Amino acid sequence: MRMPPRFLVRHPYLLLVLAGVLFPLVGSEFWVGTVAARALIIGTMALSLTFLTSTAGLVSFAQAGVAGVAGYTLALLSPNVTGVGVEVAWPLAVGAALLMGTLAGVLVGWVSVRSSGIYLLMITLAMSVSLFYLVSQNTEVFNGFDGINGLKAPVVWGIDLRAPLPFYGMALTAAVLSAAAVLYLDRTPFGSQLHALRNAPRRVSALGFNAVALRIVAFGVAGFIASVGGVLNTWFSGQMSPGAVDVHAAVNLLVVAVLGGIRHPLGAFLGAITFVLLENYAASVIDRERFNLVIGVVFIVIVLFAKDGLSGLINQLRVHLNPAWTGGRRAKTRRKAA
C-alpha cells in the first residue's frame, strides 16, 4: 500500500524510523557500523540535554560526565586488558551502569537545581571538571589518563553485538525508545508540571508543587538517557578514558543539541548526524587539527540563519512546501477552538 505524502508530513518520526530501519540495505559497513551508529549514540546523549532544556528549562554541562559515570561503571565490571575492576555477567554490568548514571544525574540535580541561569551552568560545569580530574588522577581504580582498554561488547546467542549490523540495530533501538520516552513524558502530567516550572516557577510553587523535587527528577530522567548513550559509547570505542568526560566532551554535546535544535527531541539526532559527518569528512576540507574551526563556522551559520537549529529549519521547509496542508490544519485547529 502506497503511503500518502501527507501522512509522512504529519508523522515525521515514523518516516525517520523507517529510514533508519532501511538504511543498512543501502549503506556500507562503514556507514552503518561507524558513522550512523556513532551519530545515534551522540544523539542519545544529546537527547538528555534536549529533554532538560525543552521540558524543564534547565541547561547542564554535566551530561557527558553522567554518561561517563555509566561508561566507567560498565568498564570496571567488564573484562578488560587493563586488569582493573571485577568481572560480572554483562546484564548485571549494564544494569549497574544505568543505575549509577541515573544516580549521578540525580546528584547533579540535587546539588545544582537551587540555583538558576549562569550559576546553574557553572555548577554543572564544575561537577563535570571534578569528575575529569578524579578519573584522570586516580591510577589504582580508573588507570589515570590511560583509561580502561580492551572492552568488548557481549556475544548473545552467537551474535557479536559489536558487529556493524547488530550494533547499529541496538543503537537505533536505544535511540528510538529514548526519543519515544521523552515524547511520552512531554504529554504526561509530569511533563506539564515541568513545562509550567520552566515558564512560571513561582506559580508552580504557589500551587503547592515541590519545584526542587521536580527538577531533581528531571535530572534523574536525563541521567538515565545519558547513561544509555554512555553504555553504547563504551562498547563502540572499546575503551573508557578521561577524554570522554572532559570539558570538550561537555561542550560538544551542547553544540550538537543547539545545532539540531534544543527545543525538540529530533534536534539531538539532527545535530549528531551533522557533527559526525563533519568529524569524519572535515579532513578533506581542512586539516584534521582544525576540525573545531569547521564546527564553529557551521555552528555560527546555523544559529544565525536557522531559527531553533536544523529542526526549526525543517519545520520552516514543511510550511513552505505544504502551504495548503498547513493552512488547512490551522483552519481546523481554529474551528476546534471555536
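For clarity, every value in this text was computed on a predicted model and none was experimentally measured.

> In this structure, what is going on with the overall build of the chain? I would like to understand it.
Within the chain, the secondary structure is distributed over 15 helices and four strands. Across the 338 residues of the chain, 46% fall into the buried class. Sequence-distant contacts in the chain: of pairs separated by 6 or more residues, those separated by 24 or more amount to 75%.

> So what exactly am I meant to see when it comes to the environment of Leu52 here?
By secondary structure assignment, the location of Leu52 is in helix H3 (residues 29-56). Taking the C-alpha atoms as reference, Leu52 lies 6.7 Å from Ala218; in sequence the two are 166 residues apart. The contact partners of Leu52, leaving out residues within four places of it in the chain, are Gly57, Leu58, Ser60, Gln63, Ala218, Phe219 and Ala222.

> Would you take a moment to explain the packing of helix H8 (residues 189-199) against helix H10 (residues 211-237) for this structure?
The angle between the axes and the distance between the axes are what describe a pair of packed helices. Remark: H8 packs on H10, axes separated minimally by 11 Å, with the N-to-C direction vectors making an angle of 115°. As for how H8 packs across H10, the hand of that crossing is left-handed. Listed contacts from H10 to Phe190, Gln193, Leu194 and Leu197 of H8 are Ala211, Leu214, Arg215, Val217 and Ala218. Across the contact of H8 with H10, the residue classes tally to seven nonpolar, one polar and one charged.

> What is the right way to look at the pattern of salt bridges in this model?
Two side chains with opposite charge may pair up if their charged atoms get near one another. Scanning all chains against the criterion turns up one salt bridge. Salt-bridge contacts for Glu279 lead to Arg38; the nearest nitrogen and oxygen are separated by 2.8 Å. Taken together, the residues span a long stretch of sequence, with Glu279 in helix H12 (residues 265-281) and Arg38 in helix H3 at a distance of 241 residues. Look at Arg38 and you get partly exposed, because its relative accessible area is 21%.

> What is the right way to read unusual backbone geometry from this model?
Most peptide bonds are trans, and most residues other than glycine sit at a negative phi. Of note, the phi angle at Asn143 is positive, near 60°, even though the residue is not glycine. Mapped onto the elements, Asn143 comes out in the loop between helix H6 (118-137) and strand E1 (148-149). Phi at Trp157 takes a positive value of approximately 55°, unusual for a residue other than glycine. Judged by relative accessible area, which is 83%, Trp157 ranks as exposed.

> What am I meant to see in the environment of Glu87 here?
With respect to the element layout, Glu87 can be found in the loop between helix H4 (63-76) and helix H5 (90-112). Overall, the relative accessible area of 60% leaves Glu87 in the exposed class. Residues within four places of Glu87 in sequence aside, it is in contact with Leu77 and Pro79.

> Which parts of the structure should I look at to understand the packing of aromatic side chains?
By convention here, two paired aromatic rings are described through the distance between centres and the angle between planes. Tallied over the full model, the rule gives six aromatic pairs. On the basis of an interplanar angle of 45° and a centroid distance of 6.2 Å, the ring pair of Phe23 and Tyr168 is categorised as tilted. A residue pair is termed long-range when its members are at least 10 positions apart, and Phe23 in helix H2 (residues 12-26) and Tyr168 in helix H7 (residues 164-186) qualify at 145 residues. A residue is classified by how much of its surface remains accessible, and Tyr168, at 5% relative accessible area, is buried. Judged by centre distance (6.2 Å) and plane angle (70°), the rings of Phe132 and Phe145 are edge-to-face.

> Quick question: what am I supposed to make of the environment of Gly71 here?
Here Gly71 is to be found in helix H4. Spatially, the C-alpha atom of Gly71 lies 9.0 Å from that of Leu98, the residues being 27 residues apart in sequence. Apart from the residues lying within four places of it in its own chain, the contact partners of Gly71 are Gly230, Thr234 and Met240.

> Please explain the packing of H5 against H10 as it appears in this structure.
For the pair H5 and H10, interaxial distance at closest approach is 7 Å and the crossing angle is 140°. Here H5 is positioned oblique relative to H10, judged by the angle of their axes. Considering only the axes of H5 and H10, their crossing is right-handed. Taking contact as the criterion, the partners of Trp90, Val94, Ala97, Leu98, Gly101, Thr102, Gly105, Val106, Val108, Gly109, Trp110 and Ser112 in H5 are, on H10, Ile216, Phe219, Gly220, Gly223, Phe224, Ser227, Val228, Val231 and Trp235. Classifying every residue of the contact of H5 with H10 by side-chain character gives 13 nonpolar, eight polar and no charged.

> What am I meant to see in the side chain of Gln63 here?
Here Gln63 lies in helix H4. The class for Gln63 is buried, based on a relative accessible area of 3%.

Procedures and definitions
- Residues numbered from 1 in each chain as written.
- Predicted model: local features only at pLDDT ≥ 70, side-chain atom pairs only at ≥ 80, totals over all residues.
- Heavy atoms only, no water.
- Helix = DSSP H or I, 4+ residues; strand = E, 2+ residues; numbered from the N terminus.
- Buried < 20%, exposed > 50% of the residue type's maximum accessible area, 1.4 Å probe, protein only.
- Contact = heavy atoms within 4.5 Å.
- Axes fitted to C-alpha atoms, helices over the stretch in contact; angles between N-to-C directions.
- Left-handed = near helix turned anticlockwise from the far one by under 90°.
- Nonpolar A, V, L, I, M, F, W, Y, C, P; charged D, E, K, R; others polar.
- Salt bridge = Lys/Arg side-chain N within 4 Å of Asp/Glu carboxyl O.
- Phe/Tyr/Trp six-rings, centres within 6.5 Å; stacked < 30°, edge-to-face > 60°.
- Parallel < 35°, antiparallel > 145°, perpendicular 65-115°, else oblique.

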